[in-house]
There are 2 protein chains.
Amino acid sequence: MTAPPRALDPLTYFPAPRLQHFCSQCGTPVTYRVPADDNRERALCDHCGAVHYQNPRLVVGTVPVWGEHVLLCRRAIEPRHGYWTLPAGFMELGETTLQGAERETQEEAGARVEMGNLFTMIDVPSAEQVHVFYLARLLDTDFAPGPESLETQLFLEADIPWEELAFRTVSTTLELFFEDRRKGSFGVHTPTLAPLRAAVPAGS
Amino acid sequence: MTAPPRALDPLTYFPAPRLQHFCSQCGTPVTYRVPADDNRERALCDHCGAVHYQNPRLVVGTVPVWGEHVLLCRRAIEPRHGYWTLPAGFMELGETTLQGAERETQEEAGARVEMGNLFTMIDVPSAEQVHVFYLARLLDTDFAPGPESLETQLFLEADIPWEELAFRTVSTTLELFFEDRRKGSFGVHTPTLAPLRAAVPAGS
C-alpha cells in the first residue's frame, strides 16, 4: 500500500473516513497515483481496476422566516455542539437540493415550510463542501427540536446570537438575508469562504 | 457480507464504483443497515466503526460566449462519445465551483475565459448529481480540443446541434441562455430534471 497523499484529522473524519486504504469494490489495498487519462492522483485498485474519485459534498438548508423572525436550531451533535445554526445538512442520494433543504428543516426543527428561491450557494473549498440555502416561509409555529437539535427558536435580527453561530456559511447567509431584506429584494449570492487559518508566508 | 441495497449498472458505474462491498478504511466487508442515530441505510463497518456516506456529486461548467456565438465541445469520451456539450466536468476537492468550471473550460476546450455569474444550478436526482453552469466570456478564439474533446466550435443560436447535444443539463442551460439573451438580462435558474423513463403506474 502506498503512502496516503495527505494526513487527515481522525476527529474530523471519523466515523466517515475520506482517506481510502482499500478498494470498496473488492477489498484489495489501493495505490495512489495519476491514472493514464487523468491529471490528478486517485485511489486506484490494481486488482479490479476501480478508480475511486472523491468529490466535494453538498450541504443544503433553509432560511425559515416567520414575519420578522428567522428560525434557528441549537445543535445537539458535533461538530459545534451547543451552537446555533440554520437547519441544514448533507444532501442525500435521490433528492434535489430543494427537497434536501426542506427535509433538513423538518428533521432538525420539526418545521413545515413553503419553499422559496435559491438564496446562497457558498463555496467552502477548505472543507471540500458547497453549502446551498433556500429561502423558506414557516407555515406555522408548531416547530420543535428534532434529534439533532437541543432547541429551536425564532429570532429577530437584533437578537441573533452572532457569537454563538455554528458555521460561517450560516452567519454569511444570515448577514446577506438581513441586508437583502432591508433592500426589499432577495438576490442569489455565491460567495467563497477563505480558509480560517491563512497560509504562513515562506521565510516568516 | 449482506446483500447490496440495490443493483447498479456496471457499464454506468465502472470504473468508478458507487456500490460499496468493503470498508475503504480497513478492508472488512461492510453491512448495509440504518445506524442507530440515522434514518437511512448506510454502508457500515463493524470492524473499525466507519460509516460510509454517499452523497450527490457536483458537475461544474460554463457557457463560454464570443459575441453572438457559444463554444461547444464534441466529446471524445463516454458517456455520449461524439455528442456536443458545454465544457463541464466533476468538481474536484479543494476548488470552488467557479474554479472548477473555469478549469474544465480550459481542459476540454483549451479556452481562456473571464468568468461571469452563476447561471444554472440543475438538480438531476436520477443521476445523483447537481450541475452548475457559470456564464463566461471567451478572451480570444485560440481554443482547441483537449484530450476529452474531438472538436471545439463556436455556434450561433440557429446552428446549435440540438439533436446531438450530450446531456439534458446542456440543452436546458442553452435554452435558458438564449431565452435570457433575448430578454436582455440573465437570471439564475434552478430547474430539476425529471427521470427520462417515467415510472409505470401500477396495474398498467
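The structure this text deals with has already been given above.
This report concerns the structure included in the present document. This structure is a prediction, so every number in the text was calculated from the model and none was measured.

**Remarks on the overall build of chain A**
Then, number 1: Across its full length, chain A holds three helices and ten strands.
Then, number 2: For chain A, the α and β elements follow one another from N to C terminus as α-β-β-β-β-β-β-β-α-β-β-β-α.
Then, number 3: For chain A, the residues scored as buried account for 49% of the 204 residues in total.
Then, number 4: In chain A, the share of contacts with a sequence separation of at least 24, taken over all contacts with a separation of at least 6, comes to 61%.
Then, number 5: Accessible surface, chain A: about 9,900 Å² in total, of which carbon and sulfur atoms supply 54%.

**Considering the sheet that holds strand β3 (residues 51-52) of chain A**
All names here are of chain A.
Then, number 1: Across the sheet, which stays open at both edges, the three strands sit in the order β1-β2-β3 with antiparallel pairing between neighbours. Edge strands, defined here as strands with exactly one partner in the open sheet, are β1 (31-33) and β3.
Then, number 2: When β1 meets strand β2 (residues 42-44), the two strands line up antiparallel, connected through three bridges. Within β2, the residue paired with Arg-33 across the bridge is Arg-42.

**Remarks on the nonpolar core**
Then, number 1: The biggest cluster of nonpolar side chains holds 36 residues, and the ones touching the most others in it are Met-121 and Val-132 of chain A together with Met-121 and Val-132 of chain B.
Then, number 2: Setting aside its immediate chain neighbours within four residues, Val-132 of chain B contacts Met-121 of chain A together with Leu-58, Val-59, Val-60, Gly-61, Thr-97, Leu-118, Thr-120 and Met-121 of chain B.

**A closer look at the packing of aromatic side chains**
All names here are of chain A.
Then, number 1: Summed over all chains, the structure comprises twelve aromatic pairs over all chains.
Then, number 2: On the numbers, 6.0 Å between centres and 70° between planes, the contact of Phe-119 with Phe-186 is edge-to-face. Of the two residues, Phe-119 sits in strand β8 (residues 113-124) while Phe-186 sits in the segment after α3 (168-183), which places them 67 residues apart along the sequence.
Then, number 3: Relative to Phe-178, the ring of Phe-177 lies with its centre 5.3 Å away and its plane at 70°, an arrangement referred to as edge-to-face. Here Phe-177 matches Phe-178 in class, with each residue buried.
Then, number 4: Ring pairing ties together the aromatic residues Phe-119, Trp-162, Phe-177, Phe-178 and Phe-186, which thus form one cluster.
Then, number 5: The side chain of Arg-80 reaches across the aromatic face of Tyr-83, ending 3.8 Å from its centre.

**Concerning the relation of the copies chain B and chain A**
In this arrangement, two copies of a chain are superimposed by a rotation about an axis accompanied by a shift along the axis.
Then, number 1: Overlay of chain B on chain A (RMSD 0.0 Å): rotation 180°, translation along the axis 0.0 Å. Such values leave the two copies arranged in the relation of a two-fold axis.
Then, number 2: Of the interface residues in chain B, 100% have counterparts in chain A that sit at the interface too, so the contact is made through matching surfaces.

**Points about the interface of chain B and chain A**
Then, number 1: Opposite the 51 residues of chain B that make contact, chain A presents 51 residues.
Then, number 2: Both faces combined, the contact of chain B with chain A buries some 4,200 Å², and carbon together with sulfur accounts for 58% of it.
Then, number 3: Across the pair Glu-92 of chain A and Arg-42 of chain B runs a salt bridge whose closest N-O atoms are separated by 2.6 Å.
Then, number 4: Linking chain B with chain A are 14 residue pairs in polar contact (both at pLDDT 80 or more), by the criterion used here.

**Overview of the sheet that holds strand β2 (residues 42-44) of chain B**
Then, number 1: Taken in spatial order, the three strands of this open sheet run β1-β2-β3 (chain B), and their pairing is antiparallel. One side of each edge strand has no neighbouring strand; the edge strands of this open sheet are β1 (31-33) and β3 (51-52) of chain B.

**Side note on the environment of Leu-193 of chain A**
Residue and element names in this part refer to chain A.
Then, number 1: Tracing the sequence through the fold places Leu-193 in the segment after α3.
Then, number 2: When its relative accessible area of 10% is taken as the criterion, Leu-193 is described as buried.
Then, number 3: Sequence separation between Leu-193 and Arg-168 is 25 residues, and the spatial gap between their C-alpha atoms is 7.8 Å.
Then, number 4: Those residues in contact with Leu-193 that sit more than four places away from it in its chain are Ile-122, Asp-123, Val-124, Pro-125, Arg-168, Thr-169 and Thr-172.

Cut-offs applied
Residues numbered from 1 in each chain as written. Chains lettered and ligands numbered in written order. Predicted model: local features only at pLDDT ≥ 70, side-chain atom pairs only at ≥ 80, totals over all residues. Heavy atoms only, no water. Helix = DSSP H or I, 4+ residues; strand = E, 2+ residues; numbered from the N terminus. Buried < 20%, exposed > 50% of the residue type's maximum accessible area, 1.4 Å probe, protein only. Contact = heavy atoms within 4.5 Å. Areas by Shrake-Rupley, 256 points an atom, 1.4 Å probe, with all protein chains shown as cover. Pairing = 2+ DSSP bridges. Core = buried A, V, L, I, M, F, W, Y, C linked by side-chain atoms within 4.5 Å. Phe/Tyr/Trp six-rings, centres within 6.5 Å; stacked < 30°, edge-to-face > 60°. Lys NZ or Arg CZ within 6 Å of the ring centre and 35° of its normal. Least-squares fit on C-alpha atoms with pLDDT ≥ 70 in both. Buried area = accessible area lost by both parts, 1.4 Å probe. Salt bridge = Lys/Arg side-chain N within 4 Å of Asp/Glu carboxyl O. Polar contact = N/O pair within 3.5 Å; in protein donor to acceptor, adjacent residues only side chain to side chain.

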